[in-house]
Amino acid sequence: MLDLAYLRENVNVAHDRLASRGFSLDTETFQRLDGERKNIIVELERLRQVSKKGSEELAKLAREVKDISEKRNQLKAVSQQIKDKEEALRTVEEKVFQFVSTIPNLPDPAVPIGLTDEQNVEVRRVGELPSFDFEPKAHWDLCPPLGILDLERATKITGSRFPLLAGAGARLERALINFMLDIHTKEHGYKEIVPPFMANSNSLFGTSNLPKFEEDLFKVRDTDYYLIPTAEVPVTNIYRDDILDGQRLPIKFAAYSPCFRSEAGSYGKDVRGIFRQHQFNKVELVKFTRPEDSNAELESLVGDAEEILKRLKLAYRVVIHSTGDMSFAASKSYDIEVWLPGQNAYREVSSCSNFDAFQARRANIKYRPRAGEKVRFVHTLNGSGLAVGRTWIAIVENYQQKDGTVAVPGALQPYVDGQTVIRPESVI
RNA sequence: GGAGGAAUGGGUGAGUGGUUGAAACCGGCGGUCUUGAAAACCGCUGUACGGGGAACCGUACCGGGGGUUCGAAUCCCUCUUCCUCCGCCA
């Protein structure tokens, strides 16, 4: 949510900055609604003052045992006028709210201008691409014979786009979760969180998944609960409606969770294998920072996520999103893309964003810089550290060997009882 | 699932219809005192919106929503959350 006061003062600047991300701000509608709202408030406050003063006078008359019936009738009329104005105010405020809550965040000045991912800018490449003396396979061809991934049976349980891992494949998934959490909690200073895996509509509004993106979510029938699309939702909302002590900032949380996404509108995209799923595991990093620190904290957040790939010796690149490719709430975003030999391409394993005060305003998360000072909105950030299923794909594709087996990266071996190679095992 | 109780400012906690935006205490800020600190004492100490150059002024907010009334933290209805006891349960 953008700052209403900012919009009032700078509606044309906001219009131009939003145009750079492909959003057309209807400045006329905004100014009309905002003006209506203000007129009603001014009138309402005047009426309330009349009523308040009148009530005091009436109380005085009553104490003096004088006739109050005329005064009371007069005030009764005022009271009705107030009710009417309040109703009018509710109506217009609802309209303003609807209008403003569907405006995306303003891009940070450092973000490259462009309307699509083609204007994204590669920031750096790290690690060497693996070389094979054979044709490397994609994970959907490589894994079923090893007995670690069953693509057909998963569809029986639910339908398409659900993972079914087995044996060493299942253990590899679990090892990755522990590996990632250990590094972030023990070395990068994040506190581990196990959040609810469902969230209510207020929480989803706070992170901007509602109201605009409801079609991306799975909703639990007859309740106000949604399956979380990312741990960002519950973890960011830990502090909804809170005032934090400024001395505690930055606050850094790491949370493992399954993620559920309807993937509406991605039919035909990544249909093979388990790259794009309705359910996947992810370790998410979330930060609450002072406004002046958030861009530096974004850089270190990306670094924390990159560290996982470095330890696993996987080649990757970091890309900064153009204005048009950023998500609704972000002011600045980086993607980390890991090299997948089976697709001969870099593919996303992490997206790290600074939301500045956009989510904090929606979720009402404030901090007090120092005792006695005014409260301000925090800045929120988050990033995948990393998407576990996609890291799993990267490992099997990058560490595949000519005989169809998969080597286990050294950093991960302590998490799988020292196992060094995944060999074919009995299918489920 | 059944029966009770509760929700007030950063915290604890008074307040059952009319200067109550809200006592008191704790915490915080400023000051007096002190070589310095502590203690003691004094003052200040919520948020949002609107008006004004500013000191200030106005309005709203006592879990959410609705109602009664000229007037609600206070009365009524409803929802939510928390606590206690009983039952059930991984």
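None of these values were measured; they are calculated from a predicted model.

(A) Expanded view of the protein's contact with RNA strand B. RNA strand B sits among 18 residues. The nearest are Lys 38, Glu 45, Arg 48, Ser 79 and Ala 371. Each atom of RNA strand B within 4 Å of the protein belongs either to a base or to sugar and phosphate, the latter forming 73%. Contacts to RNA strand B include Ser 79, whose side-chain N or O atom sits 2.7 Å from a phosphate oxygen. Here Arg 90 contributes a side-chain N or O atom positioned 3.4 Å from a phosphate oxygen of RNA strand B. Looking at the surface near RNA strand B, the elements with two or more residues in it are helix H3 (27-63) and helix H4 (69-101). Looking at the surface near RNA strand B element by element, the count peaks at eight residues for H3.

(B) Spotlight on the domain arrangement of chain A. Segmenting chain A into domains produces domain 1 (26-101) and domain 2 (117-422). Between domain 1 and domain 2, the C-alpha centre-to-centre distance is 49 Å.

(C) Structural view of the packing of aromatic side chains. Taken as a whole and judged by the stated rule, the model has eleven aromatic pairs. Between the aromatic rings of Phe 328 and Phe 358, the centroid separation amounts to 5.7 Å while the plane-to-plane angle is 75 degrees, which identifies the pairing as edge-to-face. Of this pair, Phe 328 sits in the loop between strand S8 (316-320) and strand S9 (332-340) while Phe 358 sits in helix H11 (residues 358-363); the two residues are 30 residues apart in sequence, bridging distant segments of the chain. You can call Phe 358 buried: its relative accessible area is 0%. Among the aromatic residues, those joined into a ring-pair cluster are Phe 213, Phe 328 and Phe 358. One residue, Lys 252, lies across the ring of Tyr 190, its end atom 4.8 Å from the ring centre. Taking the ring centre of Phe 275 as reference, the NZ or CZ of Arg 347 above it sits at 4.1 Å.

(D) Quick look at the packing of helix H7 (residues 167-187) against helix H10 (residues 294-311). Relative to each other, H7 and H10 sit at 130 degrees, their axes nearing to 10 Å. It follows from the interaxial angle that H7 and H10 lie oblique. Between H7 and H10 lies a crossing whose hand is right-handed. Two secondary-structure elements touch here, H7 through Phe 179, Met 180, Ile 183, His 184 and Glu 187 and H10 through Asp 304, Ala 305, Glu 307, Ile 308 and Arg 311. Class assignment for the residues of the contact of H7 with H10 results in five nonpolar, one polar and four charged.

What counts, and at which threshold
- Residues numbered from 1 in each chain as written.
- Chains lettered and ligands numbered in written order.
- Predicted model: local features only at pLDDT ≥ 70, side-chain atom pairs only at ≥ 80, totals over all residues.
- Heavy atoms only, no water.
- Near = heavy atom within 4 Å.
- Polar contact = N/O pair within 3.5 Å; in protein donor to acceptor, adjacent residues only side chain to side chain.
- Helix = DSSP H or I, 4+ residues; strand = E, 2+ residues; numbered from the N terminus.
- Domains from an automatic or database assignment.
- Phe/Tyr/Trp six-rings, centres within 6.5 Å; stacked < 30°, edge-to-face > 60°.
- Buried < 20%, exposed > 50% of the residue type's maximum accessible area, 1.4 Å probe, protein only.
- Lys NZ or Arg CZ within 6 Å of the ring centre and 35° of its normal.
- Axes fitted to C-alpha atoms, helices over the stretch in contact; angles between N-to-C directions.
- Parallel < 35°, antiparallel > 145°, perpendicular 65-115°, else oblique.
- Left-handed = near helix turned anticlockwise from the far one by under 90°.
- Contact = heavy atoms within 4.5 Å.
- Nonpolar A, V, L, I, M, F, W, Y, C, P; charged D, E, K, R; others polar.

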